[in-house]
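# Summary of structural features
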Amino acid sequence: MRWSDIDFTDRTLTVPETKNGEDLTLPLSDYLYDLLQTRRKRYGNYKFVFPGSGKSGHLEEPKKAARRVKDMTGIVFTIHDLRRTFITIAESLDISMYALKRLINHKITNDITGGYIVVDVERLRAPVQRVADYILESALKGQTPENAAHFKTE
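None of the values given here were measured: they were computed from a predicted structure.

### What to know about the side chain of Asp5
Tracing the backbone shows Asp5 in the segment before β1 (6-7). The buried charged residue Asp5 lacks any salt bridge, with Arg2 as its nearest oppositely charged partner at 5.2 Å. Residues in contact with Asp5, not counting those within four places in the same chain, are Thr12, Leu13, Thr14 and Pro16.

Below is the structure:
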C-alpha cells in the first residue's frame, strides 16, 4: 500500500488493480483513519505505508506480524481468516448483501436487482464504521486501562 492510495481528505483507501481487474475504493473507519494518520507522522516520508528493507522497499509478507499476534494471544489464524471474520461480523450486523459484496470486492452478477443498486463509497461508510466499532468494542471487553492502551492510535 502506497501513501498515494490513501485520500485523507475523503477518508478513503483505493486498492488498485484488484483480482477482479477493477480498482476498489473503500471508506476508512475512524479508528483506521486515526491509525494511518499516526503512522503517516512516522513513515510519511516513505513511498509505502509499510516500508521494508527488501528489494521492493515495502513489506512483502505479514507472516512475522501474524506470528507476533499468535504469540501474544495464542490464537492461530491465517491472513485470509481476517477477511472471513470481517465478512461474518458484517453479516451479523445485518449489513446488506449488496454492501457486503462491495466491501469484499465481489461483483454483483446474475442479479437483476443488484444491477440497479448504487453502492458507492459513501453508502459503505456507515457499514465499515459499524464493523470497526464492533471489533473495537469486542476487543476492549474486560480490558484493563493498561491493556486497552494497545488500541490507542497516538
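### Some points on the pattern of salt bridges
Applying the stated criterion across every chain, the model contains 4 salt bridges. Measuring nitrogen to oxygen at the nearest pair gives 2.5 Å for the salt bridge that ties Asp81 to Arg84. In this pair, Asp81 and Arg84 both sit in helix α3 (residues 79-92), 3 residues apart, roughly one turn of the helix. By relative accessible area, Asp81 is classed as partly exposed at 23%.

### Focus on the nonpolar core
Leu26, Ala90, Leu93, Ile95, Leu103, Leu124 and Val131 are the most contacted members of the largest nonpolar core, which has 13 residues in total. For this core, the secondary structure elements donating two or more residues are β3 (24-27), α3, α4 (97-103) and α5 (121-140). In this structure Leu93 touches Arg130, Val131 and Tyr134, once residues within four positions along its chain are discounted. Counting 9 residues, the second-largest nonpolar core is a separate cluster that includes Ile6, Phe8, Leu13 and Val49.

### Regarding α3
Given a rise of 1.5 Å per residue, 14 residues ought to cover 20 Å, and the 21 Å separating the end C-alpha atoms of α3 matches this to within 8%. Two residues or fewer after α3 comes Asp94, characterised by a positive phi angle close to 60°.

The rules behind each value
Residues numbered from 1 in each chain as written. Predicted model: local features only at pLDDT ≥ 70, side-chain atom pairs only at ≥ 80, totals over all residues. Heavy atoms only, no water. Helix = DSSP H or I, 4+ residues; strand = E, 2+ residues; numbered from the N terminus. Buried < 20%, exposed > 50% of the residue type's maximum accessible area, 1.4 Å probe, protein only. Lys, Arg positive; Asp, Glu negative; His and termini not counted. Salt bridge = Lys/Arg side-chain N within 4 Å of Asp/Glu carboxyl O. Contact = heavy atoms within 4.5 Å. Core = buried A, V, L, I, M, F, W, Y, C linked by side-chain atoms within 4.5 Å. Expected span 1.5 Å × (residues − 1).

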